[in-house]
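An overview of the molecular structure
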Amino acid sequence: MPSASDKAWPDVVLETLKANDVRLAVYVPDKILIPLIDGVRADPFFTALCATREEEAVGICAGAWMGGMRSVLMMQTSGFGNIPNALASLAVAYQIPIVLLISERGALGEFNAGQVWSSRVVAPVCTALGIPHHAIERLDDVAFILDRSIKQAVATQSPAALVLSPLLTGGKVFAG
Amino acid sequence: MQRIVLMRRLAGMLRDEAVVGGIGNTNFDLFAAGHRPQNFYMLGSMGLAFPIALGVALAQPQRRVIGIEGDGSLLMNLGCLATIGMVAPPNLTLIVMDNASYQITGGQPSASAATADFVAVARGAGIARSDWSQDPDDFIRLVDAALQSSGPALIGARIDEAPAAGQPARDPAQIRDRFMQAMGARKDFGAP
């Protein structure tokens, strides 16, 4: 497992994805995810793909898995609100391990009321669907939680959801 | 045109292509035309047949992949055409079975009964090789041409509302497992 010691969280994420042979990175853009999006786009190891909507991304990741390619789906908490049906009727019903990396808006200093309530659906929806979910709050935990979650998802054929907390990323602050 | 007639003609020309059938009558008639393990049948996730097919196409660049979607389903997710146009997978063929209605929920007219033209939308999304088929022979000619050439293609088929001729068993784990074995991807299972 990669060591987290002197690296920034995005570097640890990218390293851990590579160590687990996660080659397809599908994303819907988000500001906190910029270093991850730039990272997968710059590295030929990854096939980076910008989807128009999170549901679509679930379909792409599901197809890739069934074709033998591991993937990660990166989105914002508001985007998670677009995908419960795709998770329930595709990823969960068909036992497809899709790893969701979710940038957390709506908490710890959120300035946009439109983000607050949508972010609160993530944990209850995951719980309702039986999808393991964790918040990643500390740099030292990034490699362990992501590495183990990918391995468990693959071994148990289940999606997994990881929320990147502002405690880890700094979050997005009001720019005026 | 009749969906089952087109599906039977299509099934007759397939070899090892992966085929992803959208929910409802689309995958019912894909199944009824002759089950093959390279077929993936959707049970929900309306609108995701083309994205799933894109994912398979990305994972298996050496294999031809066909996505088949209904008009109501595609209307739910038109954005995927822009993604496919942008990615331009050389091995992906898209088929739209357009009966201009939500047949399975009672035949309510869809937007394609009025104004929406999927071939025009697909061309606008960057899928230059997009055509309406005029009859079953033309349909097969277009599919065959798409499978022989490099780049994404979309073939539209205006069909009637004949009921589907059969249905696959609604067993998602079995559908997925058989499909993955046919894709040669089953080896990716197991403990890390």
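Residues numbered from 1 in each chain as written. Chains lettered and ligands numbered in written order. Predicted model: local features only at pLDDT ≥ 70, side-chain atom pairs only at ≥ 80, totals over all residues. Heavy atoms only, no water.

Overview of the overall build of chain B
Operational definition: By the criteria applied, helices consist of DSSP H or I runs no shorter than four residues and strands consist of E runs no shorter than two, each listed in order from the N terminus. Every radius of gyration here is taken over C-alpha atoms, with the globule rule written as 2.2 Å times N^0.38, N being the number of residues. Between buried and exposed lies partly exposed: a residue is buried under 20% and exposed over 50% of the maximum accessible area for its type, with that area taken using a 1.4 Å probe on protein chains only. What makes two residues a contact is simply this: any of their non-hydrogen atoms within 4.5 Å. Using the Shrake-Rupley algorithm and a 1.4 Å probe, accessible areas are obtained, with residue cover drawn only from the displayed protein chains. In this charge count, Lys and Arg are treated as positive and Asp and Glu as negative; neither His nor the chain ends contribute. Charged groups are reduced to one reference atom each: NZ for lysine, CZ for arginine, CG for aspartic acid, CD for glutamic acid.
Within chain B one finds eight helices and eight strands. The globule rule puts the C-alpha radius of gyration for 192 residues at 16 Å, and the 15 Å found for chain B is close to it. Dimensions of chain B, computed from C-alpha atoms along their principal axes, come out at roughly 50 × 35 × 30 Å. A buried classification covers 56% of the 192 residues belonging to chain B. Put simply, 71% of the contacts in chain B that link residues at least 6 apart link residues at least 24 apart. Accessible surface, chain B as shown: approximately 7300 Å² in total, 51% of it carbon and sulfur. Distance from the positive charge centre (16 side chains) to the negative charge centre (17 side chains) of chain B: 6 Å.

Let's talk about the pairing of strand E8 (residues 153–158) of chain B
All names here are of chain B. Inclusion rule: Note: two strands are recorded as paired if DSSP finds a minimum of 2 bridges between them.
Within E8, five of the six residues are buried, leaving the element largely enclosed by the surrounding structure. In the sheet, strand E4 (residues 92–98) pairs with E8 via six bridges, with the strands oriented parallel. Considered in E8, the bridge of Thr-93 is made with Ala-153. As paired strands, strand E7 (residues 129–132) and E8 are joined by four bridges and run parallel to one another. Its bridge partner lying in E8, Trp-132 is registered against Gly-156.

Details of the interface of chain A and chain B
For clarity, the cut-off: Accessible area that two parts lose when put together, with a 1.4 Å probe and added across both, is what the buried area reports. Each polar contact in these results corresponds to two N or O atoms within 3.5 Å; when the atoms are within protein, one needs to be able to donate a hydrogen and the other to accept it, and residues that are neighboring in sequence are counted only if both atoms are side-chain atoms. Residues were grouped as follows: Ala, Val, Leu, Ile, Met, Phe, Trp, Tyr, Cys and Pro as nonpolar; Asp, Glu, Lys and Arg as charged; and all remaining residues, including Gly, as polar.
On the chain B side, the residues contacting the 28 residues of chain A number 35 residues. Between chain A and chain B the total buried area reaches about 2500 Å² when both faces are included, carbon and sulfur atoms providing 67% of it. On inspection of chain A and its partner chain B, the count reaches eight residue pairs in polar contact (both at pLDDT 80 or more). Only strand E2 (47–50), helix H3 (54–66), helix H5 (84–92) and helix H8 (139–156) of chain A provide two or more residues apiece to the side of chain A that touches chain B. Split into classes, the residues belonging to the side of chain A that touches chain B amount to 16 nonpolar, nine polar and three charged.

Here we look at the packing of H3 of chain A against H5 of chain A
Residue and element names in this part refer to chain A. To keep it simple, the criterion reads: Axis geometry follows a simple rule: fit a line to the C-alpha atoms, using only the stretch in contact for helices, then measure angles between N-to-C directions, giving values from 0 to 180 degrees. By definition in this entry, angles of less than 35 degrees are roughly parallel, angles greater than 145 are roughly antiparallel, angles of 65 to 115 are roughly perpendicular, and the rest are oblique. Each crossing is labelled by how the near helix is turned from the far one, with a counterclockwise turn of less than a right angle marking it left-handed and a clockwise turn marking it right-handed.
Where H3 contacts H5, the axes come no closer than 9 Å and their chain directions differ by 15 degrees. Here H3 lies roughly parallel to H5, going by the angle between them. The two elements H3 and H5 cross, and the hand of that crossing is right-handed. In this structure, H3 contributes Glu-55, Val-58, Gly-59 and Ala-62 to the contact, and H5 contributes Ala-86, Leu-87 and Leu-90. Per-class residue counts for the contact of H3 with H5 are five nonpolar, one polar and one charged.

A short note on the sheet that holds E2 of chain A
All names here are of chain A. One open sheet accounts for six strands, arranged E2-E1-E3-E4-E6-E5; its pairing is parallel. Either end of the sheet is taken by a strand with one partner, and the two such strands are E2 and strand E5 (133–136). If you compare each strand with its neighbour and ignore which way they point, the axes differ by 20 degrees on average. Here H3 sits on the sheet and contacts strand E1 (22–27), E2 and strand E3 (70–76); the angle it forms with E3, its principal contact strand, is near 170 degrees.

A short note on the side chain of Thr-26 of chain B
Structurally, the position occupied by Thr-26 of chain B is in helix H2 (residues 25–32). Residues contacting Thr-26 of chain B, with those up to four places away along its chain left out, are Arg-3, Met-7, Ile-68, Glu-69 and Gly-70 of chain B.

What to know about the pattern of salt bridges
Residue and element names in this part refer to chain A. The condition that has to hold: Think of a salt bridge as a Lys or Arg side-chain nitrogen and an Asp or Glu carboxyl oxygen that are within 4 Å of each other.
Counted by the stated rule, this structure contains 15 salt bridges over all chains. We note a salt bridge from Lys-7 to Glu-15, for which the minimum N-O separation is 3.3 Å. By relative accessible area, Lys-7 is classed as partly exposed at 29%. The exposure class of Glu-15 is partly exposed, given its relative accessible area of 27%. In this structure, Glu-55 and Arg-53 form a salt bridge, with 2.8 Å as the shortest nitrogen-oxygen distance.

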